[in-house]
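# Per-entry structural report
Letter by letter, the chains look like this.
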Amino acid sequence: MLKVFKNSVLMFVALFGLFLAANTQPVSAQASTKTPAKIQGTWYCYKGKSKFSQIKVTPKSVTFDGKKYTPSKKGYKKLSVSKWGSWYMLNKSSKQSQSLGQFKTTKKLIKGSYKKVLIRSYGVGSYDVYTSQKIKHKYTYNALG
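Below you will find a few notes about this structure. Computed from a predicted structure; not experimentally measured.

About the criteria used
- Residues numbered from 1 in each chain as written.
- Predicted model: local features only at pLDDT ≥ 70, side-chain atom pairs only at ≥ 80, totals over all residues.
- Heavy atoms only, no water.
- Helix = DSSP H or I, 4+ residues; strand = E, 2+ residues; numbered from the N terminus.
- Buried < 20%, exposed > 50% of the residue type's maximum accessible area, 1.4 Å probe, protein only.
- Polar contact = N/O pair within 3.5 Å; in protein donor to acceptor, adjacent residues only side chain to side chain.
- Contact = heavy atoms within 4.5 Å.
- Patch = residues over 30% accessible without salt bridge, like charges linked within 9 Å, V, L, I, M, F, W, Y side chains within 5 Å.
- Areas by Shrake-Rupley, 256 points an atom, 1.4 Å probe, with all protein chains shown as cover.
- Salt bridge = Lys/Arg side-chain N within 4 Å of Asp/Glu carboxyl O.
- Lys, Arg positive; Asp, Glu negative; His and termini not counted.
- Charge placed at Lys NZ, Arg CZ, Asp CG, Glu CD.
- Core = buried A, V, L, I, M, F, W, Y, C linked by side-chain atoms within 4.5 Å.
- Pairing = 2+ DSSP bridges.

A few words on unusual backbone geometry. Residue Lys 49 is not a glycine yet carries a positive backbone phi of 55°. Examined against the element boundaries, Lys 49 turns out to sit in the loop between strand S2 (41-48) and strand S3 (51-58). For Asp 65, which is not a glycine, the phi torsion comes out positive at approximately 50°. Position of Asp 65 among the secondary structure elements: in the loop between strand S4 (61-64) and strand S5 (67-69).

It is worth spelling out the side chain of Asp 128 at this point. Inspection of the secondary structure assignment puts Asp 128 in strand S10 (residues 126-130). On the accessibility criterion, Asp 128 (2% relative accessible area) is buried. A polar contact is formed between the side chain of Asp 128 and the side chain of Tyr 122, at a distance of 3.5 Å. If we skip the residues at most four places from it in the chain, Asp 128 touches Cys 45, Lys 47, Leu 118, Ile 119, Arg 120, Tyr 122 and Thr 140.

Within the fold, Arg 120 resides in strand S9 (residues 113-122). A polar contact of 2.8 Å, which involves the side chain of Arg 120, links it to the backbone oxygen of Leu 100.

Right, let's get into a positive patch on the surface. Taken together, the side chains of Lys 38, Lys 83, Lys 107 and Lys 116 present a region of like positive charge at the surface. Residue placement: Lys 38 occurs in the loop between strand S1 (28-32) and S2.

Our next topic: the nonpolar core. Ranked by size, the top nonpolar core spans 16 residues in total, and within it Ile 55, Val 62, Leu 100, Leu 118 and Tyr 130 carry the most contacts. When residues of this core are traced back to their parent elements, those giving at least two are S2, S3, S4 and strand S7 (87-90). Setting aside its immediate chain neighbours within four residues, Tyr 130 contacts Trp 43, Tyr 44, Cys 45, Ser 53, Ile 55, Phe 64, Val 117, Leu 118 and Arg 120. Counting residues in each nonpolar core, the second largest holds eight residues, with Ile 110, Val 117, Ile 119 and Ile 135 among its members.

Now for the pairing of S3. Note on strand geometry: in a regular strand, side chains alternate between the two faces of the sheet. With seven bridges connecting them, S2 and S3 associate as antiparallel partners. If you follow Cys 45 over to S3, its bridge partner there is Ser 53. What sits between S2 and S3 in their antiparallel hairpin is a turn of two residues, with Lys 49 showing a positive phi close to 55°. By the bridge criterion, four bridges tie S3 to S4 in an arrangement that is antiparallel. Bridging from a neighbouring strand, Ile 55 pairs with Phe 64 of S4. Between S3 and S4, which follow one another and run antiparallel, lie two residues.

This next bit is on the pattern of salt bridges. Where charged atoms of side chains with opposite charge meet at close range, the side chains can pair. Evaluated as defined, the whole model comprises two salt bridges. Asp 128 is the partner of Lys 47 in a salt bridge, and the nearest nitrogen-oxygen pair spans 3.2 Å. Placement of Lys 47 in strand S2 and of Asp 128 in strand S10 is noted, with a sequence separation of 81 residues between them. According to the relative accessible area criterion, Lys 47 is partly exposed, its value standing at 39%. With a shortest N-O distance of 3.5 Å, Arg 120 and Asp 128 are connected by a salt bridge. Like Arg 120, the residue Asp 128 is buried in the burial classification. Salt bridges sharing common partners tie together Lys 47, Arg 120 and Asp 128.

The structure is reproduced here in structure tokens:
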């Protein structure tokens, strides 16, 4: 009984989130070619077994796990940046581009003190947490499970 109730609540939350996402207008629909200073830097996400995912964000490019995206490239590596609330979407607006996800910075408790981190949202309720230093600890989380 409790499991059925919990699953029903999770399903309602997921559907409500999808409803909000579908009916919310972006703050700025116009894509830009310059990345915001808030998310610039080199960020690391621990993937386990001493392996890291890396994102390097400069004013004019994003390098994600070894693939470089810039405004001057063509096809799926052409960089576009748009803003939706407090989130920055990378390559979301271009039809040929590969979406890199939504990003924002926040503070998270890491090793006893609050540090600035980069959060990457992808999929439904999945979040990777990137730190500015290589830390062998998984901060990645799933909001629905």
